[in-house]
Amino acid sequence: MRTNSGINKRQISLVVFVSVILFFYIPLLVLILYSFNSGKTMVWRGFSLQWYEELFFHSSDLWSAFRSSLIVALSSSFIATAIGTIGGIGIHWYKFKWKKYLQIVTYLPLIMPEIIIGVSLLIMFAWLKWKMSLFTIFLAHTTFNIPFVLLIISSRLDEFDYQIIEAAHDLGAKEIDTLLKVIIPMSIPGIISGFLMSMTLSLDDFVITFFVSGPGSSTLPLHIYSMINRGVFPVINALSTVLIAGTVLLSVSSKNIQKYMFK
Amino acid sequence: MKGSVVLINDINKSFGESRILNNVSLEIKKGEFFSLLGPSGCGKTTLLRIIAGFETPDSGDIKLDNTSIINLQPNERHVNTIFQNYALFPHLSVYENVAFPLRLQKKSEKIINEEVRKYLSMVKLEDHIKKMPSQLSGGQKQRVSIARALVLQPNVLLLDEPLSALDAKLRQHMLIELDSIHDQVGITFIFVTHDQQEALSVSDRVAVMHQGVVLQVGTPSQIYESPGNSFVADFIGETNFIEGTVVSVDDKMGVMNVDGIGKVNFYLDKPVKTGDFVRVTVRPEKIRITKEYPKIEGHPHTIVLNGIVDELIYTGFQTKFFVHLDSKVLFKVFKQHVKYFMDETPINWKDPVYIWWNPADGYLVEVEPR
Ligand SMILES: Nc1ncnc2c1ncn2[C@@H]1O[C@H](COP(=O)(O)OP(=O)(O)OP(=O)(O)O)[C@@H](O)[C@H]1O
Ligand SMILES: [Mg+2]
């Protein structure tokens, strides 16, 4: 008889681990596999690269949506990171009257359902009589990215001691020197993670973008959704495979970048 | 010209309802190694922060060489601070941390290089120039912060418990080094500590603070040998108090009557009248302890008491005896082992003993007229 429950425990956790991996990766593997299928349906008809050819040479709409996504992601992340960084530093290091309430208000969007943010932005743009375009998408993305950047920057700043700021003053730094030469450089890891986080959120976003996009201003997620409606799966499989490869590359290299920068 | 005279004039400071500093006035000499010593929470850090400019006092003035600096910002005062937790810039290397104040002054690269290397070698960190603060030990971080504070050649260096985060051995070592750095740069040091050993061993003068009030200012030996009041006597080192009513006074000596002990002689360190209540402090290491009645011919004023050893603690270089007198009074007596300990006739637990001291070795700390 086996009485050693330690082994059982280990077996259980192994089973859990393996099944999580399977559930998580099997769909991805299936998707990757079928991107090389020569048929159009979910029946395997042999290996082919025709969907990749379709993707790269006959999907100009998709690529323009991809370009829009990138433009929106880069610009909104940049602005959101700038505003979030300044805001996080302001909230953290400086004392002012309504600080506590401001803090609560800035974090609210994090827990608000996306659909509410989307609808409210839509109503606001309609009220302002603005035409939905890439610009409205950019504004919307900047809006929902700021709280994330704030959160990341604040938690980074929490690790530092106010005495560092006092030390800088003590050594002759003026307010502006302290900001530019101490506070911001010290927050760089947070700024980078905030920017990457914003990029991811922005590239991913469907719900909010759905409300604030107009004709001719589709982002990649919106475009993919419309493609599924039209029933062209295999190209999406190919596209997804490319995106998965891209994501893996990016996360590996960003680890390396971080290692290099912050040893 | 190196170092400044620091005049602290009647500083008061409250946080909310509580008075943290109470009419604090001090005059610190040019180039002096001056310590602020007091128990936790007595306001040392607050006073230091007022000198550095991080806190504004409610009233009072601070002068450097006769110029008031009370309205200047921290970055405009020729005063630099060593923070307790080092406060190094985590994103800058050792070299860049020390170069930071020079870069703010837009010094040329050549001067920066010379100065940084000079001060890093003064704190013996030449070999760690390229490291980041996270790669340094506590002692090394402290050295960087010292170099960084000195590189601007301030007139005054403020040190807030700079050694408290280090282990005992290293603390001793750094203290000696601080002392030698002080000798090299020759500027005024104001050193905050709650450790009386630290304060006594390196300071030119010490101010003892308690609850926001300066109780006594003096050289280490003045503070130790002639404490200004019972608090100072008790706070600095260890001591015994004997108190009683004065029964007679002549021109040099007085005699008091102590409950349960009887007549005890003391020197008149302060004017005393018959009938006054007096308190005398006697340091444990100045009291002798023997099993036989001591030979005191020629020293007629020697005080001899007898009791039982209640407890003894052997600490290597000395043994601490806690002696119970008949009257239940407990006396601390420290006996130095100047010879090989085992050679001496040992005094054991519960042994009856005589303890004795010369009245000149006691100090009259307090007199309450009756
Ligand atoms: N910013 C502040 N607000 C309110 N109270 C304060 C503030 N700074 C200090 N205090 C109070 O002032 C008193 C003195 O503090 P301070 O830091 O000067 O003591 P300290 O002598 O340096 O003690 P320690 O040896 O523990 O460092 C303490 O009771 C502390 O709680
Ligand atoms: Mg303190």
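Asks: How would you explain the pairing of strand E8 (residues 188-193) of chain B if you had to name every residue and give the values?
Replies: Remark: a regular strand shows side chains that alternate across the two faces of the sheet. Residue and element names in this part refer to chain B. Burial analysis of E8 places six of its six residues in the buried class, the great majority of the element. Judged by which residues are buried, E8 turns out to be covered on both faces: Thr188, Ile190 and Val192 on one side and Phe189, Phe191 and Thr193 on the other are all buried. For strand E3 (residues 33-37) and E8, the ladder comprises five bridges, and the chain directions are parallel. Residue pairing in the sheet places Phe33 in a bridge with Phe189 of E8. Where strand E7 (residues 156-160) meets E8, five bridges bridge the pair, whose relative direction is parallel. Across the sheet, the residue bridging to Leu158 is Ile190, located in E8.

Asks: Hey, could you go over the site of ligand 1 for me, with residue numbers and the actual values?
Replies: Residues and elements named next belong to chain B. Around ligand 1 sit Phe15, Ile20, Ser40, Gly41, Cys42, Gly43, Lys44, Thr45, Thr46, Glu161 and His194, and those are all the residues in its vicinity. Lys44 is positioned such that a nitrogen or oxygen atom in its side chain is 2.8 Å from an oxygen atom of ligand 1. Between ligand 1 and Thr46 there is a distance of 2.5 Å, counted from an oxygen atom to a side-chain nitrogen or oxygen. Here the shell around ligand 1 takes three residues from helix H1 (residues 44-52), the largest share from any one element.

Asks: An account of the environment of Lys141(B) is requested, with residue identities and associated values reported.
Replies: Residues and elements named next belong to chain B. For Lys141, the location among the structural elements is in helix H4 (residues 138-150). Along the sequence, Lys141 and Ser248 sit 107 residues apart, while their C-alpha atoms lie 60 Å from each other. Excluding its chain neighbours within four sequence positions, the residues that come into contact with Lys141 are Tyr86, Leu88, Pro133 and Leu136.

Asks: Which residues make up the environment of Glu243(B), and what values do they have?
Replies: Residues and elements named next belong to chain B. Tracing the backbone shows Glu243 in strand E11 (residues 240-249). For the pair Glu243 and Val264, spaced 21 residues apart in sequence, the C-alpha to C-alpha distance is 9.4 Å. Those residues within four positions of Glu243 in sequence are excluded, and the remaining contacts are Met256, Val258, Phe277, Val278 and Arg279. A distance of 2.6 Å separates a polar atom in the side chain of Glu243 from a polar atom in the side chain of Arg279.

Asks: Quick one: what's the story with the pairing of strand E9 (residues 205-210) of chain B, residue by residue and with numbers?
Replies: Residues and elements named next belong to chain B. In terms of burial, E9 is largely enclosed, as five of its six residues are buried. In the sheet, E9 pairs with strand E10 (residues 213-218) via five bridges, with the strands oriented antiparallel. Bridging across to E10, Met209 finds its partner in Val214. Here E9 folds back onto E10 in antiparallel fashion, the turn holding two residues, of which Gln211 has a positive phi close to 50°.

Asks: Break down the sheet that holds E11(B) for me, with residues and values.
Replies: Strand pairing in a sheet relies on backbone hydrogen bonds. The paired strands run either parallel or antiparallel. Residues and elements named next belong to chain B. Spatial strand order, E13-E12-E11-E14-E20: five strands in an open sheet with antiparallel pairing. Edge positions in the sheet fall to strand E13 (262-267) and strand E20 (362-368), since each has one partner strand and no second. Between one strand and the next, the sheet's axes are offset by a mean angle of 40°, whatever the strand orientation. Judged from the six bridges that link them, E11 and strand E14 (residues 277-282) form a sheet pairing that is antiparallel. Within E14, the position partnered with Phe241 by the bridge is Thr281.

Asks: Before we move on, can you summarise the sheet that holds strand E2 (residues 18-28) of chain B with the specific residues and values?
Replies: What the four strands build is an open sheet, ordered E2-E1-E4-E5 (chain B); its pairing is antiparallel. Looking along the sheet, the strands with just one partner apiece sit at the ends: E2 and strand E5 (67-68) of chain B.

Asks: Can you tell me about the nonpolar core, naming the residues and giving the values?
Replies: Residues and elements named next belong to chain B. By size, the foremost hydrophobic cluster in this structure holds 50 residues, and its most contacted members are Ile8, Leu36, Leu47, Phe100 and Ile190. Once residues within four sequence positions are removed from consideration, Leu47 is found in contact with Ile8, Leu21, Val24, Leu26, Leu36 and Met209. The next biggest cluster of nonpolar side chains, apart from the first, holds 37 residues, and it includes Leu88, Val94, Ala149 and Phe191.

Rules of the game
Residues numbered from 1 in each chain as written. Chains lettered and ligands numbered in written order. Predicted model: local features only at pLDDT ≥ 70, side-chain atom pairs only at ≥ 80, totals over all residues. Heavy atoms only, no water. Buried < 20%, exposed > 50% of the residue type's maximum accessible area, 1.4 Å probe, protein only. Helix = DSSP H or I, 4+ residues; strand = E, 2+ residues; numbered from the N terminus. Pairing = 2+ DSSP bridges. Near = heavy atom within 4 Å. Polar contact = N/O pair within 3.5 Å; in protein donor to acceptor, adjacent residues only side chain to side chain. Contact = heavy atoms within 4.5 Å. Axes fitted to C-alpha atoms, helices over the stretch in contact; angles between N-to-C directions. Core = buried A, V, L, I, M, F, W, Y, C linked by side-chain atoms within 4.5 Å.

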